[in-house]
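# What the coordinates show
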Amino acid sequence: AMGENHTQPKFILLGITDSSWAQAPLFGLFLLIYIVTLVGNIGLMVLVWAAPGLHTPMYFFLTHFSLADICYSTIISPKMLTDLLFGNKTISWAGCVTQFHLFALFVTAECHLLAAMAYDRHVAICHPLSYVTVVSPRTCWQLVAWSYLVASLSALVYTGCTFGGSFCGPLRVDHFFCDASPVLRLACSDTRGSEVAIFALATANGLGTGVVILLSYGRILHAVLGLRSAPGRARAFRTCAAHVASVSVFYGTLFFMYLQPASRHGSRDKMASVFYTVVSPMLNPFIYGLRNKEVKAALGKCRRRMLNLCRHRRGAARGIRESWNGLGW
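Being a predicted model, the structure only gives us computed values, none of them experimental.

### Some remarks on the packing of helix H6 (residues 137-163) against helix H8 (residues 192-225)
Packed helix pairs are specified by the crossing angle of their axes together with the interaxial distance, meaning the distance between the axes. Between H6 and H8, the least distance of the axes is 9 Å, while the angle of their chain directions is 160°. The angle between the axes of H6 and H8 places the two elements in the roughly antiparallel class. Between H6 and H8 lies a crossing whose hand is left-handed. Side by side, H6 and H8 meet where Val150, Ser154, Val157, Tyr158, Cys161 and Thr162 of the first sit next to Ser194, Ala197, Ile198, Leu201, Ala202 and Asn205 of the second. Its residues assigned to classes, the contact of H6 with H8 comprises eight nonpolar, four polar and no charged.

Below, the structure written as structure tokens:
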């Protein structure tokens with residue numbers, strides 16, 4: 001296998017489209033989305049760090065979720081953008097393996113972080129009196145560490161199964177990044193064992209975390225429907241709706257992509273991939289952050305603090321100028 005890999009050391013990413021006229025508009029669109037993704041997620045992380053009112057378990061998980069969004073969109077988007085701009089669609093064997101491995105790691109971590117966030121909301125709404133002791137800082141760190149540990153081990157298995165066989169040239173990947181299904185289609189060796197292993201592990205990660213989320217929201221729904229206060233019910237439903245929207249986009253496209261055999265995958269996979277690799281990381285800061293009253297309040301405080309600082313500096317500068325004028329300067 002290694003000998004054949006050395007004779008074909010580079011993969012060719014065929015990209016999103018063959019149309020030359022579409023390259024420039026797509027470059028502009030995806031560059032804008034990537035910039036918004038970076039600004040939105042980094043801004044949310046900085047805001048959570050700077051605002052004491054957001055130092056809670058929910059926003060602790062959210063910062064790690066934003067970090068994972070930044071990482072896996074950065075693994076995909078810059079390479080895709082350079083391919084669209086310059087048309088150089090080759091990627092080295094090591095680059096392809098690394099891109100897929102890191103992508104698999106951060107996407108799997110996001111599944112487990114979403115489950116941790118759903119559990120946090122479940123405890124907050126269903127067991128508010130014991131929330132502080134149940135979701136302690138130590139528990140938060142343990143859940144995040146578990147997410148990255150499972151993701152790291154899963155990514156090793158995914159990568160080994162995807163790139164472990166022998167490949168025949170030309171290594172033309174019918175996708176805009178190195179993903180399992182289009183890479184496995186290039187293999188000369190029998191890939192059924194690898195497909196089964198990837199399918200089983202993706203099912204365990206996807207359905208395992210999905211069940212935690214569904215159970216958490218099921219308990220939340222039961223608790224919310226038992227509330228007598230209509231405004232309280234509406235507020236809780238709004239919180240759930242934001243979470244469910246992000247979960248639906250993320251899990252819907254992941255299930256479509258990975259919970260089916262490689263032989264059934266086709267060109268429509270590219271459109272599904274765009275959602276969870278490019279669009280979803282951009283939407284999450286808006287879904288989780290800007291629709292939340294606590295985040296809006298923290299933004300308002302930061303804005304007022306900045307305005308006060310600017311006024312103070314202008315006042316100090318004016319005082320210095322008046323002092324200089326008084327001295328005849």
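Next comes the rest of the description.
### As for the confidence of the model for the protein chain
For the protein chain, mean pLDDT is 83; residues scoring 70 or higher make up 84% of the total. Mean pLDDT values over the elements of the protein chain span from 45, in helix H1 (residues 2-7), up to 95, in H6.

### Observations concerning the state of the cysteines
Per the stated rule, a full pass over the model turns up one disulfide. Here Cys96 engages in a disulfide with Cys178; their sulfurs sit 1.9 Å apart. On the sign convention where negative means left-handed, the S-S torsion of about -115° between Cys96 and Cys178 marks this disulfide as left-handed. Of the two residues, Cys96 sits in helix H4 (residues 93-126) while Cys178 sits in the loop between strand E3 (172-173) and helix H7 (180-184), which places them 82 residues apart along the sequence. Looking at Cys96, the relative accessible area reads 0%, which means it is buried.

Cut-offs applied
- Residues numbered from 1 in each chain as written.
- Predicted model: local features only at pLDDT ≥ 70, side-chain atom pairs only at ≥ 80, totals over all residues.
- Heavy atoms only, no water.
- Axes fitted to C-alpha atoms, helices over the stretch in contact; angles between N-to-C directions.
- Helix = DSSP H or I, 4+ residues; strand = E, 2+ residues; numbered from the N terminus.
- Parallel < 35°, antiparallel > 145°, perpendicular 65-115°, else oblique.
- Left-handed = near helix turned anticlockwise from the far one by under 90°.
- Contact = heavy atoms within 4.5 Å.
- Nonpolar A, V, L, I, M, F, W, Y, C, P; charged D, E, K, R; others polar.
- pLDDT = per-residue confidence, 0-100.
- Disulfide = S-S within 2.5 Å.
- Buried < 20%, exposed > 50% of the residue type's maximum accessible area, 1.4 Å probe, protein only.

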